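The primary structure of each chain is shown beneath.
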Amino acid sequence: LPVDARTLPNGLKVFVLPRRELPIVALDCFAEAGARFETAQNAGVAGLTGQMLSEGTTKRTFGEVADAIEQVAGEIGSDATGPSVEVLSKDFALGLELFADAIRRPAFRADDFDRKQKEALSEIEKEEEDPEFQISRKFREIVYGKHPFSRSARGTRTSVSRLTADDCRAWHAKYFVPSNIRISIVGDVDVESAHRAAAKAFGDWAGPAVEFPKIPAPPQAAAARVHIPTEREQIYMVAGHLGISRTDPDYPVLRVFDGVFGTGSGFTDRLSRRIRDAEGLAYTVYATIAADAGAERGTFHAMAGLEPEKLDRVLGEIREEIDRIRSAPPTEGELAGAKAVLLGELAFALETNGRLAVAILEWDRFGLGFDYPAKFRRAVEAVTADDVRRAAEKHLHPDRIVVVTTGPTPTPAKPPGKPTEKPPAKPPGKKAGKQP
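My aim in this report is to walk through the structure given alongside it, one point at a time. (Residues numbered from 1 in each chain as written. Predicted model: local features only at pLDDT ≥ 70, side-chain atom pairs only at ≥ 80, totals over all residues. Heavy atoms only, no water.)

Description of the overall build of the chain
Phase 1: A count of helices and strands for the chain gives 15 helices and eleven strands.
Phase 2: When its C-alpha atoms are laid out on the principal axes, the chain stretches across 75 × 50 × 40 Å.
Phase 3: Looking at the 436 residues of the chain, the share that counts as buried comes to 52%.
Phase 4: For the chain, long-range pairs separated by at least 24 residues make up 84% of all intrachain contacts whose partners lie at least 6 apart in sequence.
Phase 5: Of the roughly 18900 Å² of accessible surface on the chain, a fraction of 53% belongs to carbon and sulfur atoms. (Helix = DSSP H or I, 4+ residues; strand = E, 2+ residues; numbered from the N terminus. Buried < 20%, exposed > 50% of the residue type's maximum accessible area, 1.4 Å probe, protein only. Contact = heavy atoms within 4.5 Å. Areas by Shrake-Rupley, 256 points an atom, 1.4 Å probe, with all protein chains shown as cover.)

As for the side chain of Asn 10
Phase 1: On the secondary structure map, Asn 10 appears in the loop between strand 1 (4–7) and strand 2 (13–18).
Phase 2: In terms of polar contacts, Asn 10 uses its side chain to reach the backbone carbonyl oxygen of Phe 202, at 2.9 Å.
Phase 3: If we ignore the near neighbours within four places in the chain, the residues touching Asn 10 are Pro 178, Ser 179, Phe 202, Gly 203 and Trp 205. (Polar contact = N/O pair within 3.5 Å; in protein donor to acceptor, adjacent residues only side chain to side chain.)

Quick notes on the sheet that holds strand 3 (residues 24–31)
Phase 1: Reading across the sheet, the six strands line up as 1-2-6-3-5-4 and stay open at both edges, with mixed pairing between neighbours. With partners counted over all chains shown, the strands left at the sheet margins are strand 1 and strand 4 (75–79), one partner each. Here the strands of the sheet are splayed against their neighbours by 15 degrees on average, with no regard to which way each runs.
Phase 2: In this sheet, strand 6 (residues 181–187) lies alongside strand 2 in parallel orientation, the contact comprising six bridges. Counterpart to Leu 17 in the pairing with strand 6 is Val 186. (Pairing = 2+ DSSP bridges. Axes fitted to C-alpha atoms, helices over the stretch in contact; angles between N-to-C directions.)

Section: helix 13 (residues 353–365)
Phase 1: Between its first and last C-alpha atoms helix 13 spans 18 Å; for 13 residues at 1.5 Å apiece the expected length is 18 Å, and the two agree.
Phase 2: Here the buried face of helix 13 lies against strand 2, strand 3, strand 6 and helix 14 (372–382).
Phase 3: After helix 13 finishes, the residue Gly 367 shows a positive phi value of roughly 65 degrees. (Expected span 1.5 Å × (residues − 1).)

Some words on the sheet that holds strand 9 (residues 284–288)
Working definition: the strands of a sheet are paired by backbone hydrogen bonds and lie parallel or antiparallel to each other.
Phase 1: Taken together, the five strands give an open sheet; going across it, the order is 7-11-8-10-9, and neighbouring strands pair in mixed fashion. Strand pairing shows two members of the sheet lacking a second neighbour, strand 7 (224–229) and strand 9, which therefore form its edges. Shown here is a sheet whose adjacent strand axes are inclined to one another by a mean of 10 degrees, direction ignored.
Phase 2: Helix 11 (residues 311–327) rests against strand 7, strand 8 (235–242), strand 10 (299–306) and strand 11 (402–407) of the sheet, and its axis sits at about 30 degrees to strand 8.

Looking at the packing of aromatic side chains
The geometry of an aromatic ring pair is captured by two quantities: the separation of the ring centres and the angle between the planes.
Phase 1: Applying the stated criterion to the full structure yields 13 aromatic pairs.
Phase 2: Their ring planes at 35 degrees and their centres at 6.1 Å tell us that Tyr 175 and Phe 212 sit as a pair that is tilted. Note that Tyr 175 is positioned in helix 7 (residues 165–175) and Phe 212 in the loop between helix 8 (191–202) and strand 7, a separation of 37 residues in sequence.
Phase 3: Measuring from ring centre to ring centre gives 5.1 Å for Phe 257 and Phe 261, while their planes differ by 15 degrees; the resulting arrangement is stacked. (Phe/Tyr/Trp six-rings, centres within 6.5 Å; stacked < 30°, edge-to-face > 60°.)

Notes on the packing of helix 3 (residues 92–104) against helix 8
Phase 1: The geometry of helix 3 relative to helix 8 is characterised by a closest axis approach of 10 Å and an angle of 35 degrees between their N-to-C directions. Between helix 3 and helix 8 lies a crossing whose hand is right-handed. Facing Phe 92, Leu 96, Phe 99, Ala 100, Ile 103 and Arg 104 of helix 3, the residues of helix 8 in contact are Ala 194, Ala 197, Ala 198, Ala 201 and Phe 202.
Phase 2: A class-by-class count of the residues in the contact of helix 3 with helix 8 yields ten nonpolar, no polar and one charged. (Left-handed = near helix turned anticlockwise from the far one by under 90°. Nonpolar A, V, L, I, M, F, W, Y, C, P; charged D, E, K, R; others polar.)

Here we look at the environment of Glu 307
Phase 1: Mapped onto the elements, Glu 307 comes out in the loop between strand 10 and helix 11.
Phase 2: Judged by relative accessible area, Glu 307 falls into the partly exposed class, the value being 26%.
Phase 3: Each C-alpha atom of the pair Glu 307 and Tyr 236 lies 8.7 Å from the other, and the pair is 71 residues apart in sequence.
Phase 4: Side chain to side chain, Glu 307 and Tyr 283 meet in a polar contact 3.2 Å long.

Concerning the packing of helix 1 (residues 45–52) against helix 4 (residues 110–128)
Phase 1: Where helix 1 contacts helix 4, the axes come no closer than 10 Å and their chain directions differ by 130 degrees. When the axes of helix 1 and helix 4 are compared, the pair comes out oblique. The handedness of the crossing between helix 1 and helix 4 is right-handed. Along its contact with helix 1, which presents Leu 48, Gln 51 and Met 52, the element helix 4 presents Asp 112, Phe 113, Lys 116, Gln 117 and Ala 120.
Phase 2: Split into classes, the residues belonging to the contact of helix 1 with helix 4 amount to four nonpolar, two polar and two charged. (Parallel < 35°, antiparallel > 145°, perpendicular 65-115°, else oblique.)

Re the nonpolar core
Phase 1: Ranked by internal contacts, the top residues of the largest apolar core, which has 62 residues, are Met 237, Phe 257 and Trp 363.
Phase 2: Broken down by element, the residue count for this core peaks at seven residues, all from helix 9 (residues 251–261).
Phase 3: Those residues in contact with Trp 363, other than ones at most four positions away along the chain, are Leu 1, Leu 350, Leu 356, Leu 368, Gly 369, Phe 370, Tyr 372 and Pro 373. (Core = buried A, V, L, I, M, F, W, Y, C linked by side-chain atoms within 4.5 Å.)

Quick notes on the pairing of strand 11
Phase 1: Across the six residues of strand 11, six count as buried, placing the element largely inside the fold.
Phase 2: By the alternation rule, side chains of strand 11 split into Val 402, Val 404 and Thr 406 and Val 403, Thr 405 and Gly 407, which are all buried.
Phase 3: With six bridges joining them, strand 7 and strand 11 adopt parallel strand pairing. Counterpart to Pro 229 in the pairing with strand 11 is Gly 407.
Phase 4: One ladder, built from five bridges, connects strand 8 with strand 11; its direction is antiparallel. Looking across to strand 11, one finds that Ala 239 is bridged to Val 403.

Keep in mind these values describe shape, not function.
What follows is the structure, given as structure tokens:
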């Protein structure tokens, strides 16, 4: 893609991609400022700071920001990595002004902070009632150990309750500095004009380099099995272990693996076909190793919702499928189907200016190059059935499976040897939770 990349004297990176099909411009920001830099004491500060970026600046109150963007039928939002704005091209100047103010001059007013803090605590409370969140949280605690990803990116009720507007202000001052900022501008713009506007909006900004905390890599956790008893009738389960980072050379192969094994379109993957459709053992089941790969290693995880008496059988069948894909390549039909879905999704993933603005920042962050869509397509097309088997053998660790369940106490497995039952499984082959 013809992305024009430049770096301002203060270290801020600017990427411009003209797309003239529609009179729309999308702006996005990425600051290395996520939850992986938090401690147990300030967990949730990254997300809360990010939300505050679009809640008012030193130039405009929250209401004035909302009125300004609504009057031009635009959109503004923000998260831990920075704000995003989308406007019509005729309103680019206003969009860039709101965008730059959100990055450089958030106000962290007390009333806005109190409102967002209450919203965050409400979301945490909702999450804690969600069975999938309950098992994911415990799973991450075991898989990541002392690593920051062992905690929810939202933080806890205790940690978020004690945060203050000054905590968010200090977090912003530390991580939102020019040398730690990437911005992308995608849409109906002239390249030179967009760069001049960006230089005017950010060129006089100064700040020290970020000293990032050292984060030790999490070790592979030992196999474990934990049950969280609740009064629900259904069992929810997650099983898996530590996975890969986004820059792992096997990433394209493992995206194909996901399609074959646990995320295929229309329940065509092995787990859905066998456990849900053929045997009716689970209401829902899926598995992935590539979905949450990022700067840190994500997880290999399988999740399912099922009846208590079917738990051991489902675990046994997942393990059988892991053993099977580690020892024998998928069929040519499975391989072709997974590739077709993946390449079809690639085109859709880059369809809008907003998605492209996000993608450009990711490509630069991970050193993938702006020709990454073409490189990724070629890499996927080149994946062979034996590549999938080899990658599965390398990255799936049946002896390291962590299993977490919630719901009623699981019904004990029937004695081995019954025609319709599988023997209780040992800790082999599963997957893991999601990366914040």
